[in-house]
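Examining the three-dimensional arrangement
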Protein chains: 2
Amino acid sequence: METISADYLVSRPPAEAKALARYVAYEQTVELPEDAALPQNVRDEIVGQVDAVEPAPGQPGASVITLSFNVRLSGLRLAQFLNLVYGNISIQKGIRLIDLRLPDSFLKAFPGPAHGMQGVRKILGVEGRPLLATAIKPMGAPHKVLADIAGQFALGGGDIVKDDQNLVDDSEDAFRDRVALCQEAVAKANAKTGRSTLYLPIVTARQEDVEARVAFALEQGARGILFCPFLSGIDAMRHLSAKYKLVMMSHPSFSGAFFSDSRHGVTPGILLGSLMRLAGADVSIFPNFGGRFSFTREECMDLSRRLRGPWGRLKPSFPSPAGGMRFESLPSMSEDYGEDTVFLIGGALLGKERTVEKSTRAFLDQIRSRFQETLCKPA
Amino acid sequence: METISADYLVSRPPAEAKALARYVAYEQTVELPEDAALPQNVRDEIVGQVDAVEPAPGQPGASVITLSFNVRLSGLRLAQFLNLVYGNISIQKGIRLIDLRLPDSFLKAFPGPAHGMQGVRKILGVEGRPLLATAIKPMGAPHKVLADIAGQFALGGGDIVKDDQNLVDDSEDAFRDRVALCQEAVAKANAKTGRSTLYLPIVTARQEDVEARVAFALEQGARGILFCPFLSGIDAMRHLSAKYKLVMMSHPSFSGAFFSDSRHGVTPGILLGSLMRLAGADVSIFPNFGGRFSFTREECMDLSRRLRGPWGRLKPSFPSPAGGMRFESLPSMSEDYGEDTVFLIGGALLGKERTVEKSTRAFLDQIRSRFQETLCKPA
């Protein structure tokens, strides 16, 4: 029997954590008390198994419990999988999902990122250095102003320009107008530079309108989108990635309650790392440590490893640290994350001192001073 | 300008909370620092406004901040709305969304529950008392055994029998076999009793398979489904409710990280009350206080008020307290929740002492002893 193995940090000493482990094993599979009358096959094949209960290293009074679940209970589907590993117990307290081991039969059911790091690099024709990304904002500015930001960023040599996730369109026509203008501005700049800057429009819409927006963006020449899976559905992202082979950039909006309580929830590494890669994100945005959000360095490194490390046949995804990154942050970010990273610089790049084009160039020069860039013909 | 008004409990005294309030107002709308160069129209119409900063009653060192946002920024869509009121700030700490006031122009964009409490009562032909619901389990039992539970519950006079959210089917055929058998068992029982017990199959599937499963269930004679919006998409639930006019029962699986940290996240009342009603749930399941989960009585009452109270043109939804309810809990639950409630009894009703039919009858007798039941012809 192939199993999904999961580690949870629980706020109980090992002596008490054993009973809790059994409770979780029953709650997450049959949702019945341990003493319920259960057929033997259900007890053997359906109820989760407790594999280990250990003291949590460096956390007195806490334990790590390891459970395994029949992979069949995931249905090899994302929604059912999340129900299995963190459905009902999410409503408890003091149970944090900290690690997962997924068998091949499960991983094989997911194509993962359509392009992955190497595919995105090929589209851009950029090797040897981190990529530079920015966001088009603010909401409320005329479409031409927004398109001008996109165009200037591309002229300055930037790699990925995405819509701000806060951009809202009053109608489908407004969406089309805005996306067409931004894509046109980037295409014009690309024609000048010979490069292949990517424009990724935000697609946040009613479920029944999502695919038409994606199709429109692709028709205009965009190669991907920005998507908020915690708003619009994690499995919706997987579906769009698999169906349209998009360059998929995921945004963590509305995901944060999973992290704020360090004794509960799901680690950033699993949620914004493993899960985003499984669901087809080529680039996963997350708040960098030291910025205006509260992730730790260790959490960011764990997240990056989960996106980039070997994992079945899944292509690696780019980590994209963001959230208040400044010009002065680049040296340390370069050291922390290395070349296979997308630096997402918002406000600092759109600042008032310089044009976006000049600012982009300055950021890129800073990146190039630390890495050996190789430009190839964009694919 | 119509606005969405939101209250947040923040872990800062009022003197510091003012700056935090302004930060949230900018972060959630333009995601730029306060001193960014912004056109006047963006400052006036797009940036959130700070309406009040007050000490949090009974919580020294904490404050309640009230912000208002141009309703246009919600796009009158669920996903964009959630991004607006709790998108990026979800990734902060110590900012809890505790109340919302939504203007008519926003509410009008949502049909809400297709049936509501009165509609569900008409289908059942039951007035004057709480409804009784149970779950079909465990996963791994033969389909005939599961169907037998459904049939016995209907014979015993129960109102709503739903699949356990943990039921997983190895194939679309297996789903169809199981749902057809359960619906048939309930239909047979209904033919005998002259009543109209509802069977609600769980629909958790890949996004591209969801509608086919719903259509199949309806073809078999089911009138609704059980759905997990935090697994399968909140807007997906709204879409299914609006398109198929289902009796929609929502399950809170994977929602719990929003609640565990009492200083952060979103209150159960907003997430499992207001939001579920907005997204079309006729019945919203939540963990009752005093059971094996950790909601407080106050949270459960707030949640119930949000589901049942007057709210624009939205039909009221049933609160469905669950999670370890026993026979002995019924008197106090009846007092706490009153007649417009769906009592969801799982394990206790499926216990080993009695048949499901007898157990159902015993629970109903207990309910009838406290309320004045009126049976009408089911619609």
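Analysis parameters
- Each chain carries its own residue numbering, running from 1 in the written order of its sequence.
- Chains and ligands are labelled sequentially in the order written, the chains with letters from A and the ligands with numbers from 1.
- Confidence filtering applies because this is a predicted model: local features only for residues at pLDDT of at least 70, side-chain atom pairs given and counted only at 80 or more, and all residues used for totals across whole chains, interfaces and linings.
- In computing side-chain properties, one takes all heavy atoms of the structure into account and sets aside hydrogens as well as water.
- Every helix listed is a DSSP run of H or I at least four residues long, and every strand listed is a run of E at least two residues long, numbered separately from the N terminus.
- Buried means the residue's accessible area, taken with a 1.4 Å probe over protein chains only, is under 20% of the maximum for its type, while exposed means over 50%, and partly exposed covers the values in between.
- A contact between two residues is defined here by any heavy atoms of the two lying within 4.5 Å.
- Expected helix span is given by 1.5 Å per residue-to-residue step, counting one fewer step than there are residues.
- When DSSP finds two or more bridges between a pair of strands, those strands are recorded as paired.
- Arc definition: it is the arc formed by the directions from the helix axis to the C-beta atoms.
- Working convention: axes come from line fits to C-alpha atoms, limited for helices to the stretch in contact. Angles between N-to-C directions cover 0 to 180 degrees.
- Should an angle lie under 35 degrees it is considered roughly parallel, over 145 roughly antiparallel, and from 65 to 115 roughly perpendicular; all remaining angles are considered oblique.
- Two helices cross in a left-handed way if the nearer one is turned anticlockwise from the farther one by less than a right angle. They cross in a right-handed way if the turn is clockwise.
- All residues other than Ala, Val, Leu, Ile, Met, Phe, Trp, Tyr, Cys, Pro, Asp, Glu, Lys and Arg, Gly among them, are scored as polar; the first ten of these are nonpolar and the last four charged.
- Throughout, the accessible surface (probe 1.4 Å) given up by two parts as they are put together, summed over both, is called the buried area.
- Think of a salt bridge as a Lys or Arg side-chain nitrogen and an Asp or Glu carboxyl oxygen that are within 4 Å of each other.
- For this analysis, a polar contact is any N or O atom pair within 3.5 Å, provided that within protein one partner can donate a hydrogen and the other can accept it, and provided that sequence-adjacent residues contribute only side-chain to side-chain pairs.
- Least-squares superposition aligns the copies on the C-alpha atoms of those residues with pLDDT at or above 70 in both.
- Stacked, edge-to-face and tilted labels apply to pairs of Phe, Tyr and Trp rings (six-membered ring for Trp) whose centres lie within 6.5 Å, assigned for plane angles under 30 degrees, over 60, and everything in between, in that order.
- Placement of a positive charge over a ring is assigned whenever Lys NZ or Arg CZ falls within 6 Å of the ring centre and within 35 degrees of the normal to the ring plane.

Topic: the overall build of chain A
Within chain A one finds 14 helices and 15 strands. C-alpha atoms of chain A, sized along the principal axes, occupy 70 × 45 × 35 Å. Split into buried and exposed, the 379 residues of chain A put 63% on the buried side. Contacts in chain A between residues at least 24 apart in sequence constitute 73% of all its contacts with a sequence separation of at least 6.

Things to note about helix 1 (residues 14-27) of chain B
Between the first and last C-alpha of helix 1 of chain B there are 19 Å, a value that for 14 residues agrees with the 20 Å anticipated at 1.5 Å per step. Of the surrounding secondary structure, the elements contacted by the buried residues of helix 1 of chain B are strand 1 (3-10), helix 2 (40-45), strand 2 (49-55), strand 3 (63-70) and strand 4 (95-101) of chain B.

Here's the deal with the pairing of strand 1 of chain B
All names here are of chain B. Summarising burial for strand 1: seven of the eight residues are buried, a large majority. Examined bridge by bridge, strand 1 and strand 3 share eight bridges and lie antiparallel to one another. Bridged to Tyr8 within strand 3 is Ile65. Judged from the six bridges that link them, strand 1 and strand 4 form a sheet pairing that is antiparallel. From the neighbouring strand, Ser5 faces strand 4, where its bridge partner is Arg101.

Observations regarding helix 13 (residues 330-337) of chain A
Side chains of residues three or four places apart in an α-helix project in the same direction, reflecting 3.6 residues per turn. Residues and elements named next belong to chain A. Every buried residue of helix 13 is listed here: Leu330, Met333, Ser334, Asp336 and Tyr337. The buried residues of helix 13 occupy one face: seen down the axis, they fall within an arc of 165°. Those residues of helix 13 that are buried lie in contact with strand 12 (283-287), helix 12 (297-308), strand 13 (318-322), strand 14 (342-344) and helix 14 (356-368).

Concerning the packing of helix 6 (residues 143-155) of chain A against helix 14 of chain A
Residue and element names in this part refer to chain A. The contact between helix 6 and helix 14 brings their axes to 7 Å, and the two run at 40°. In terms of orientation, helix 6 lies oblique with respect to helix 14. Read as a crossing pair, helix 6 and helix 14 show a hand that is right-handed. Contacts from Ile149, Gln152, Phe153 and Leu155 in helix 6 reach Val356, Glu357, Thr360 and Arg361 in helix 14. Within the contact of helix 6 with helix 14, the residues separate by chemical class into four nonpolar, two polar and two charged.

Side note on the interface of chain A and chain B
Listed by partner, the interface residues are 71 residues for chain A and 72 residues for chain B. When the two sides are added together, the surface that chain A and chain B hide from each other amounts to roughly 6800 Å², 55% of it contributed by carbon and sulfur. Here chain A is connected to chain B by four salt bridges. Ionic pairing is found between Glu208 of chain A and Arg238 of chain B, a salt bridge with its closest N-O pair at 2.7 Å.

Some remarks on the side chain of Gln165 of chain B
Among the structural elements, Gln165 of chain B can be located in the loop between strand 7 (160-163) and helix 7 (172-193). For Gln165 of chain B, the side chain forms a polar contact with the side chain of Glu31 of chain A, separated by 2.9 Å. Within polar-contact distance, the side chain of Gln165 of chain B engages the side chain of His251 of chain B at 3.0 Å.

Section: the sheet that holds strand 7 (residues 160-163) of chain A
Residues and elements named next belong to chain A. Taking strand neighbours across the sheet as the criterion, the four strands line up as 8-7-6-14 in an open arrangement whose pairing is parallel. The two strands at the open ends of the sheet, each matched to only one other strand, are strand 8 (198-200) and strand 14. Neighbouring strand axes in the sheet, compared pairwise and without regard to direction, differ in orientation by 25° on average.

Remarks on unusual backbone geometry
In this structure, the amide linkage connecting Lys137 of chain A to the following residue, Pro138 of chain A, adopts the cis form with an omega of 0°. Of note, Leu76 of chain B is a non-glycine position whose phi angle comes to about 55°, a positive value. Here Leu76 of chain B lies in the loop between strand 3 and helix 3 (78-86).

Focus: the relation of the copies chain A and chain B
Aligned on chain B, chain A shows an RMSD of 0.0 Å; the corresponding rotation is 180° and the shift along the axis is 0.0 Å. Those values place the two copies in the arrangement expected of a two-fold rotation axis. No C-alpha of chain A lies nearer the rotation axis than that of Gly233 of chain A, which sits 2.3 Å from it. Interface residue correspondence from chain A to chain B reaches 100%, placing this contact among same-surface, isologous pairings.

Considerations on the pattern of salt bridges
Residues and elements named next belong to chain A. As enumerated under the stated definition, the model contains 49 salt bridges over all chains in all. Glu34 is the salt-bridge partner of Arg22, the closest N and O atoms lying 3.0 Å from each other. A residue pair is termed long-range when its members are at least 10 positions apart, and Arg22 in helix 1 (residues 14-27) and Glu34 in the loop between helix 1 and helix 2 (40-45) qualify at twelve residues. Arg22 gets classed as partly exposed once you look at its relative accessible area, which sits at 36%. Judged by relative accessible area, which is 37%, Glu34 ranks as partly exposed. Residue Arg368 is joined to Glu373 by a salt bridge in which the shortest nitrogen-to-oxygen separation is 2.9 Å. According to the relative accessible area criterion, Glu373 is partly exposed, its value standing at 21%. Linked through salt bridges whose partners overlap, the residues forming this network are Asp7, Asp99, Arg101, Asp302 and Arg306.

Some remarks on the environment of Thr204 of chain A
Tracing the sequence through the fold places Thr204 of chain A in the loop between strand 8 and helix 8 (207-220). Thr204 of chain A sits 148 residues away from Ala56 of chain A along the chain, and the two C-alpha atoms are 40 Å apart. Other than its neighbours up to four places away in sequence, Thr204 of chain A contacts Arg213, Cys228 and Ser232 of chain A together with Ala79 and Gln80 of chain B.

Looking at the sheet that holds strand 7 of chain B
Two strands in a sheet stick together by hydrogen bonds in their backbones, pointing the same way (parallel) or opposite ways (antiparallel). Residue and element names in this part refer to chain B. Taken in spatial order, the four strands of this open sheet run 8-7-6-14, and their pairing is parallel. The sheet terminates laterally at strand 8 (198-200) and strand 14 (342-344), the two strands that pair on one side only. On average, each strand axis in the sheet is inclined to that of its neighbour by 25°, with strand direction left out of account. Across three bridges, the pairing between strand 6 (residues 131-136) and strand 14 is parallel. Its bridge partner being in strand 14, Leu131 is matched across the sheet by Val342.

Quick word on the packing of aromatic side chains
Note on aromatic pairs: each is described by the distance of the centres and the angle between the planes. Considering all chains together, one arrives at 19 aromatic pairs over all chains under this definition. Arranged with centres 5.0 Å apart and planes meeting at 45°, the rings of Phe106 of chain B and Phe110 of chain B form a pair that is tilted. With a relative accessible area of 0%, Phe106 of chain B lands in the buried category. Looking at Phe110 of chain B, the relative accessible area reads 4%, which means it is buried. Every member of this aromatic cluster is reached through a ring pair, and the members are Tyr86, Phe254 and Phe258 of chain A together with Tyr86, Phe254 and Phe258 of chain B. Positioned above the aromatic ring of Phe175 of chain A, the side-chain terminus of Arg213 of chain A is 4.4 Å from the ring centre. Positioned over the ring face of Phe327 of chain B is Arg354 of chain B, at 5.8 Å from the centre of the ring.

Some details on the side chain of Thr360 of chain A
All names here are of chain A. Tracing the sequence through the fold places Thr360 in helix 14. Judged by relative accessible area, which is 0%, Thr360 ranks as buried. One polar contact links the side chain of Thr360 to the main-chain carbonyl oxygen of Val356, over a distance of 2.6 Å. Not counting residues up to four positions away in its chain, the partners in contact with Thr360 are Leu132, Phe153, Gly156, Gly157, Gly158 and Leu349.

These values are about where atoms sit, not about what they do.
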